[in-house]
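# Descriptive analysis of the structure
Residue-level listing of the chains:
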Amino acid sequence: MSGATHKRIAKPELSDYLAVMSRAVFQAGLSWAAIDRQWDALCEAFDGFDPRVVGSYRDADVRRILAHPGILHSERKIRAAIHNAKVMLELDREHRGLRRYLRSFTTYDDLVADVRRRFSHVGDISAYYFLFRVAEKVPPFAHWIRTVKGDHPRIREMVSAR
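Residues numbered from 1 in each chain as written. Predicted model: local features only at pLDDT ≥ 70, side-chain atom pairs only at ≥ 80, totals over all residues. Heavy atoms only, no water.

## Brief notes about helix α5 (residues 75–95)
In a regular helix each residue adds 1.5 Å, so 21 residues correspond to 30 Å; α5 covers 30 Å between its end C-alpha atoms and thus fits that length. Those residues of α5 hidden inside the fold are in contact with α1 (14–27), α3 (51–54), α4 (59–67), α6 (98–102), α7 (108–118) and α8 (124–133). R96 occupies a position one or two residues after α5 and carries a positive phi of about 55 degrees. (Helix = DSSP H or I, 4+ residues; strand = E, 2+ residues; numbered from the N terminus. Expected span 1.5 Å × (residues − 1). Contact = heavy atoms within 4.5 Å.)

## Some details on the packing of aromatic side chains
Per the counting criterion, the structure on display carries seven aromatic pairs. Note on F26 and F46: the rings are 5.9 Å apart at their centroids and 70 degrees apart in plane angle, and the pair reads as edge-to-face. Of this pair, F26 sits in helix α1 while F46 sits in the loop between α2 (32–45) and α3, and the two are 20 residues apart along the sequence. Classification of F26 as buried rests on a relative accessible area of 0%. Ring centres of W39 and F49 lie 5.3 Å apart, and the angle between their planes is 10 degrees; on these two criteria the pair is classed as stacked. Note that W39 is positioned in helix α2 and F49 in the loop between α2 and α3, a separation of ten residues in sequence. For the pair shown, W39 and F49 are each scored as buried. Here the aromatic cluster, defined as three or more aromatic residues joined through ring pairs, consists of F26, W39, F46, F49 and Y57. (Phe/Tyr/Trp six-rings, centres within 6.5 Å; stacked < 30°, edge-to-face > 60°. Buried < 20%, exposed > 50% of the residue type's maximum accessible area, 1.4 Å probe, protein only.)

Shown next, in the form of structure tokens:
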């Protein structure tokens, strides 16, 4: 997944789900362009966001990532990615596929509430970004954005660039 690409992923693999969610976590509160520039280094530091690998990370791996050059050094966000990998693996096993988990909810709001409850550092904007990128049903952007406080021009640009 290239740094500047924000296209929808029609048939995401487990590593795509973790990469997209991690990108949303790392972008939160920061310049999206900065994360674009760091994306290749983040993918390298996180072993391509393979949830089986990331989910097995220990404190030594957190220290290794914190020391990796050219990336945001946020221990909270690094630990969030590790936690989220573990949750994805559990849901993948429990539902026989992460996509089946995501599609087990009758409404977008119910799905987002569960995603926010289970995953670390995922809010409304991150959840919309994640679900949009992994080709799940999301409300039309023009309707959804009215429910979010503040102006978010980067997400508007990203989802309209499909």
